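Coordinate inspection notes
What follows is the residue order along each chain.
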Amino acid sequence: MSASRRRGTTDELGPDEPERDGPTNEDTKDTNDIENTEGTEDTDSGGSDLLAALLDGMDAALCAFDADGVVTHWNREAERILGWTAEEAVGRRGFAGWAVRTADAEEVEGRLMAAMHAAGRQVHEFALVTKDGGRVLVRTQSAAVRGPDGKPAGLYCAFSEVHAQIDLERSIALSEALFEDASWGVVLVDADLRPAVVNAHAARALGIGRTAVLGRPIGELLAQGVEELESALTHVLAEGAPPAPAEIWVGVRTPEGEKRRCWRSGFLRLASPLAEEPVPLGVGWLFQDITESKQTEQEAAQLRFRVNQLHRAARAAAECEDPGEAATVHLDFALAGFADHALIDRVAGGSLADGEGPARLVRAAATPSGQPGPSHLTGHAGIPVRYGHGHPALQCVERAGSVRASAGTATPEAARDWATGRQWPPNTVHALCAVLRSRGRTLGVVTFLRSAGRSPFERTDAVYAEDMAVRIAMALDLEALERSVE
C-alpha cells in the first residue's frame, strides 16, 4: 500500500483499493512502445532489403539524388558501367570530380536537377567518367521523386550505355519493320505449331486475314506441304535453326482454286532471354515466294535435258543398220523423264495422203507395259489395232497434229476403264499423241502415256513429242523405202 494510504488519506479516485499484481499502466505503455518500435525496425529492414534487391536486379543502371543533389542510391548495374561501388558513390554531392569531368559538371548537374521541376521524364546523353579514368557515353532518363506533400524531394536517374540502348532500339525497330513493311512473309509460330504473329505479306501469301490466321493449325491454312512444313518446325524446336534455307512446295487455297507455290523458307528458334536455361518460345519462320524463278529454273533444266536426249538419240540411231531399230532407239531416249510407256502405230498400207481417210493403224512398236525395258518391234502380221471412233490416235491422224487426253479426276476404277477402253495399259491416266509425217504424208502416230504418279502433258511436252516424232517418222520412211527397193 502507498504511503499516503497508510496514513489513512484518500485521493480523488475513490477509496483505497488493493494493489494489483503486474506492471502498472505506465509500465505497460512503455513496454508496448518498445515492442512497436522493434516491429517498425523489422518492417523498415525488410523494406530496405527488398528495395536493395530490386535495385540490384535491374538491367538498367540507376542512381537517385535527394533535393540537395546528394546521391542516395546506386545499384549494381551502375557499378558495372562506371566502376564506382555503392559505398563510394552514396553520400557524394553530384557527379563533379568523380563521375563527370569538372569542366562538364555544371552543365550535367544542371540538366539533371532540372528534372525535379519538369513534368514527366527527361532524356539526355552525357559522357560520364569511369573509376579507371575512361569515359563512357550514356543515355539517361530522369524524373522527379515527390514527397508526401507533393513537392519534389529528389530525383532518380536511370542510365545505360548508348550503344546498348541503340542496339535495343534497333532490335525493336527491326521487329516492327518485319511485321509491317517486310517484302517477305514473317510468321511467329508457338510451341504448339500455331501462328502467333503474322505480318501483312505472309497473310496475303496465305490468302487470309492477319487475325484470322492466329491460333489455327497449319493444316487448315495449307492444302499441300503441311507435313513437310510441320516437320521443319518440329526440327527447329528440337535442334535449332538449319544451316541453310529450305525450299518447300505448298498448296495454297485461293478463290480461284488451289495454287501450287514454292516458298524459300528460313527458320529461327526463339528462346526466352529471361530464363537461366533456353526455353523455346516457338519458331520464327521467314519465307519468300520463288515460284516463278523456280519454274523458270526447272523449265531451263528440262529443256537442256531434252536437247541432250535428242542429240544422244540421233547419235545412237545413226549407228543402227535397220531404220526400224533406229525408230525404237528414238522412242527409248524419248521416254527418259518424259513418259512411262510409248507406242508407235503405222498407217495400214504405209502412208496416208492429206484428205484421204479413214485411217487404219497397225501397231509397229511398243515399250513393255509390265516391266521397264527397251521397246520392241511388233505388228508383222499387219492386223489393225481395235481403236474405237474418236480415239485420240485417230484424231491425231485426221488433224495431222498433236492430241492430248487425260482421265482427269476420275476414280481409279473409272480411270482403269478409260485406259483399257482405248487399248492402253490399265495404269494410264494421261496420253499425248503426235503425228508421224514425212515427205508430206502421214505415216502414223506415236503415243506417249503417263500413269497417275505424273502430271498431265502440257504444251511444252507436245513440242518435245513433235520433235521426237519427226525423227521417228524419218526412220520409218527410210525403212519403207528400203523395203520398196527390195
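Treat the numbers as computed from the prediction; the structure is a model and nothing was measured.

Let's talk about the overall build of the protein chain
When helices and strands are tallied, the protein chain shows 14 helices and 17 strands. Taken across its 486 residues, the protein chain has 37% of its residues classed as buried. Sequence-distant contacts, at least 24 apart, represent 50% of the contacts inside the protein chain between residues at least 6 apart.

Topic: the nonpolar core
Most often, soluble globular proteins have nonpolar side chains that are buried together. In terms of nonpolar packing, the biggest core is built from 33 residues, with Phe-338, Ile-344, Leu-436, Val-446, Phe-448 and Ile-472 touching the most fellow members. Those elements that place two or more of their residues in this core are helix H10 (291-318), helix H11 (323-335), strand S12 (341-347), strand S13 (361-366), strand S16 (428-438), strand S17 (441-451) and helix H14 (459-485). No other element matches the 9 residues that H14 contributes to this core. What Phe-338 contacts, discounting residues up to four positions off in sequence, is Arg-306, Leu-432, Phe-448, Arg-450, Arg-454, Phe-457, Asp-461, Tyr-464 and Ala-465.

Some words on unusual backbone geometry
You will see that Leu-193, though not glycine, has its phi angle at about 65°, which is positive. A relative accessible area of 16% places Leu-193 in the buried class.

Points about the side chain of Gln-309
As for its position among the elements, Gln-309 is in helix H10. Look past the residues within four positions of Gln-309 in its chain and what remains in contact with it is Phe-333, Ala-336 and Tyr-464.

Topic: the environment of Asp-461
For Asp-461, the position within the fold is in helix H14. Only 2.8 Å separates the side chain of Asp-461 from the backbone nitrogen of Glu-458, close enough to count as a polar contact.

Remarks on the sheet that holds S13
Pairing between the strands of a sheet comes from backbone hydrogen bonds, and it takes one of two forms, parallel or antiparallel. Across the sheet, which stays open at both edges, the 6 strands sit in the order S14-S13-S12-S17-S16-S15 with antiparallel pairing between neighbours. At either end of the open sheet lies a strand with only one pairing partner, and these are strand S14 (376-377) and strand S15 (403-406).

Remarks on the packing of aromatic side chains
Here the distance between the centres and the angle between the planes together describe a pair of aromatic rings. Under the defined criterion, the tally for this structure stands at 11 aromatic pairs. For the pair Trp-84 and Trp-98, a centre-to-centre distance of 5.5 Å together with 85° between the ring planes defines the contact as edge-to-face. Of this pair, Trp-84 sits in the loop between helix H3 (76-82) and helix H4 (86-89) while Trp-98 sits in the loop between H4 and helix H5 (102-113), and the two are 14 residues apart along the sequence. Since its relative accessible area comes to 12%, Trp-84 is described here as buried. Classification of Trp-98 as buried rests on a relative accessible area of 5%. Measuring from ring centre to ring centre gives 4.8 Å for Trp-285 and Phe-287, while their planes differ by 35°; the resulting arrangement is tilted.

A closer look at the pattern of salt bridges
Throughout the structure, instances matching the rule amount to 18 salt bridges. Note that Glu-107 and Arg-111 form a salt bridge whose closest N and O atoms lie 3.3 Å from each other. Of the two residues, Glu-107 and Arg-111 are both situated in helix H5; the distance of 4 residues between them amounts to about one turn of the helix. With a relative accessible area of 30%, Arg-111 lands in the partly exposed category. We note a salt bridge from Glu-125 to Arg-139, for which the minimum N-O separation is 2.7 Å. With a gap of 14 residues between them, Glu-125 in strand S3 (residues 122-129) and Arg-139 in strand S4 (residues 135-146) connect regions that are remote in the sequence. The class for Glu-125 is partly exposed, based on a relative accessible area of 39%.

Some details on the pairing of S16
Of all the 11 residues making up S16, 10 are buried; the element is thus mostly covered by neighbouring parts of the structure. In this sheet, S16 lies alongside S15 in antiparallel orientation, the contact comprising 4 bridges. The residue bridging Val-403 from the neighbouring strand is Cys-433, located in S16. Across 10 bridges, S16 lies against S17 in antiparallel orientation. Note that in S17 the partner of Val-435 across the bridge is Val-445. The turn linking S16 back onto S17 is made up of 2 residues, and Arg-439 within it adopts a positive phi angle of 55°.

Topic: the confidence of the model for the protein chain
Overall, the prediction assigns the protein chain a mean pLDDT of 82, with 85% of residues at 70 or greater. When the elements of the protein chain are averaged for pLDDT, helix H1 (residues 3-6) gives the smallest value, 37, and S16 the largest, 94. With pLDDT under 50 throughout, residues 1-40 is counted as low confidence; its partners more than four residues away or in other chains account for 9 contacts.

Some words on the sheet that holds strand S1 (residues 61-66)
With antiparallel pairing, 5 strands are arranged side by side in an open sheet as S2-S1-S5-S4-S3. Taken across any chain shown, the strands that pair with only one partner, and hence form the sheet edges, are strand S2 (71-74) and S3. Between one strand axis and the next, the sheet turns through 30° on average, direction left out of account. The pairing of S4 with strand S5 (residues 152-161) spans 9 bridges and is classified as antiparallel. Bridge pairing in S5 links Ala-144 to Leu-155. Taken strand by strand, H5 contacts S1, S3, S4 and S5, and its axis lies near 150° from that of S3.

Quick notes on H5
Taking 1.5 Å per residue as the helical rise, H5 with its 12 residues ought to reach 16 Å, and the 17 Å between its terminal C-alpha atoms agrees with that figure. Residues Asp-104, Ala-105, Val-108 and Leu-112 constitute the buried set of H5. Projected down its long axis, H5 shows its buried positions confined to an angular sector of 120°, all on one face. Turned more than 90 degrees away from the buried face of H5, the exposed residues are Ala-103 and Glu-106. Turning to H5, the residues buried within the fold contact S3, S4 and S5.

Calculation notes
- Positions within a chain are numbered from 1, following the residues in the order the chain's sequence is written.
- The predicted origin of the model limits local features to residues at a pLDDT of at least 70 and limits the giving and counting of side-chain atom pairs to 80 or more, whereas totals for whole chains, interfaces and linings rest on all residues.
- Note: side-chain values were computed over all heavy atoms of the structure, leaving out hydrogens and water.
- By definition, any uninterrupted DSSP run of H or I lasting at least four residues is a helix, any uninterrupted run of E lasting at least two residues is a strand, and each is numbered from the N terminus.
- The buried label goes to any residue with under 20% of its type's maximum accessible area, the exposed label to any with over 50%, and the partly exposed label to all in between, with areas taken from a 1.4 Å probe on protein chains only.
- Contacts are assigned to residue pairs that have any heavy atoms within 4.5 Å of one another.
- What is meant by a nonpolar core is a set of buried Ala, Val, Leu, Ile, Met, Phe, Trp, Tyr and Cys residues, joined one to another through side-chain atoms within 4.5 Å.
- Residues adjacent in sequence count toward polar contacts only when both atoms are side-chain atoms; beyond that, a polar contact is any pair of N or O atoms within 3.5 Å, and within protein one must be able to donate a hydrogen and the other to accept it.
- Pairs of strands are assigned from DSSP output, requiring at least two bridges between the strands.
- Two rings from Phe, Tyr or Trp (for Trp, the six-membered ring) form a pair when their centres are within 6.5 Å of each other. A pair whose planes differ by under 30 degrees is stacked, one over 60 is edge-to-face, and the rest are tilted.
- The working definition used for a salt bridge is a side-chain nitrogen of Lys or Arg within 4 Å of a carboxyl oxygen of Asp or Glu.
- For every residue, the predictor reports its confidence as pLDDT, a number between 0 and 100.
- Between the N-to-C directions of two axes lies an angle of 0 to 180 degrees, each axis being a line fitted to C-alpha atoms and, for a helix, fitted only over the stretch in contact.
- By definition here, a helix of n residues has an expected span of 1.5 Å times n minus one.
- The directions considered for the arc are those from the helix axis to the C-beta atoms.

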